[in-house]
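Descriptive structure summary
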Amino acid sequence: MPSSSSRHSHASLLPLVVLMTLVALGIGALALSYLETRFLETTGEALALGAADVADKLDRFAFERSRDVQLIAEVIKGHLGERAYVRSYLEAVHRTYPVYRSIAVTDANGRVIEGTNSQTIGRSWGSASWFLVAREATSPSLAETDHLDGTPGRALAISAPLVGARGEFIGM
C-alpha cells in the first residue's frame, strides 16, 4: 500500500500534469492556426498567379484575334462586290484558324452578306449591341453575344469595321 507521502507527491503532480496538458493543447492550437494561415496565404498566392496567367492568355488571345479580323477586313473591303472571292477567302481563313466558330461579313446595315456558315447569310444583326458598338469603333472590338448560327450559349464577337475609300462605314 502506498504511503501517505507518496500519495501526497502524486496529488501535487496532478495540477502540473493538467497545466502541461493545457500548455501542449495551446501550443497545438497555435501551430494549427499558423498552418491554416500559411495554407490560406499559399493558396491565395497560387490562385492570384493562376488568375494572372489566365488574364495574360486572354489578353494575348484578344490581341491576336483582333489583328486577325483587322487583316481580314483590310483584305476583303476592296472585294465586297466579288462574293465568290470573299467566300473563298473567309473559308480559307476559317480552315487555317479553327479557333473561329464562324466568320461573317455584314453590309453597312448589319445584314450578313457572306460567311462561312450559310445559315447566317441574309440574317440581320443591325440592332445587335455588338454591331452597334463595333460600327462606331475605329479599331477591332470585342463583345459577348449569342452565337451567329443560333446555337445555345454565348460567344465572343470580334469585329472590325470595313471603311470605304472616303472613310465611310461600309460593313463589318
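As the structure is a computational prediction, the values presented were derived from the model and not from experiment. (Residues numbered from 1 in each chain as written. Predicted model: local features only at pLDDT ≥ 70, side-chain atom pairs only at ≥ 80, totals over all residues. Heavy atoms only, no water.)

Here's the deal with the overall build of the protein chain
Per the secondary structure count, the protein chain includes 3 helices and 6 strands. Beginning at the N terminus, the succession of helices and strands in the protein chain can be written as α-α-β-β-α-β-β-β-β. Relative to the globule expectation of 16 Å for 172 residues, the C-alpha radius of gyration of the protein chain, 34 Å, shows a markedly less compact shape. Dimensions of the protein chain along its principal axes, counting C-alpha atoms only, are 115 × 30 × 30 Å. (Helix = DSSP H or I, 4+ residues; strand = E, 2+ residues; numbered from the N terminus. Rg over C-alpha atoms; globule rule 2.2 N^0.38 Å.)

Examining the pattern of salt bridges
Going through the model one piece at a time under the given rule, you end up with 11 salt bridges. A salt bridge links Arg-65 to Glu-64; the nearest nitrogen and oxygen atoms lie 3.8 Å apart. A relative accessible area of 11% means that Arg-65 is categorised as buried. Among the residues examined, Glu-64 registers a relative accessible area of 33% and is labelled partly exposed. For Arg-87, the salt bridge is made with Glu-114, and the minimal N-O distance between the two is 3.0 Å. Of this pair, Arg-87 sits in helix α2 (residues 83–96) while Glu-114 is found in strand β2 (residues 112–115), placing the two residues 27 residues apart along the sequence. On the basis of relative accessible area, Arg-87 is assigned to the partly exposed category, the value being 34%. (Salt bridge = Lys/Arg side-chain N within 4 Å of Asp/Glu carboxyl O. Buried < 20%, exposed > 50% of the residue type's maximum accessible area, 1.4 Å probe, protein only.)

Side note on α2
Counted at 1.5 Å a residue, the expected span for α2 with its 14 residues is 20 Å, and the 20 Å between its end C-alpha atoms agrees. Residues of α2 that are buried: Val-86, Tyr-89, Leu-90 and Val-93. Buried residues along α2 cover an arc of 95° about the axis, so they all sit on one side. Opposite the buried face of α2, by more than 90 degrees, sit the exposed residues Ala-84 and Arg-95. (Expected span 1.5 Å × (residues − 1). Arc of directions from axis to C-beta.)

What to know about empty space enclosed by the protein
Tallied over the full model, the rule gives 1 cavity of 30 Å³ or more. Looking at the largest cavity, its volume works out to about 30 Å³. As for the largest cavity, its lining consists of Leu-80, Arg-83, Val-86, Ile-113 and Glu-114. Secondary-structure elements contributing two or more residues to the lining of the largest cavity are α2 and β2. Here the residues of the lining of the largest cavity are counted per class, giving 3 nonpolar, no polar and 2 charged. (1 Å grid on protein atoms, 1.4 Å probe; cavity = no way out; pocket = protein on both sides within 12 Å on 5 of 7 lines; lining within 4 Å. Points joined across faces, edges and corners; volume = space filled by probe spheres on them. Nonpolar A, V, L, I, M, F, W, Y, C, P; charged D, E, K, R; others polar.)

Section: the packing of aromatic side chains
Tallied over the full model, the rule gives 5 aromatic pairs. Between Tyr-97 and Tyr-100 the ring centres are 6.5 Å apart and the planes differ by 75°, which places this aromatic pair in the edge-to-face class. You can call Tyr-100 buried: its relative accessible area is 9%. When the centroid spacing of 6.1 Å and the interplanar angle of 85° are considered together, the rings of Trp-130 and Phe-131 count as edge-to-face. Given the relative accessible area of 8%, Trp-130 is considered buried. What links up through ring pairs into an aromatic cluster is the set Trp-125, Trp-130, Phe-131 and Phe-169. (Phe/Tyr/Trp six-rings, centres within 6.5 Å; stacked < 30°, edge-to-face > 60°.)

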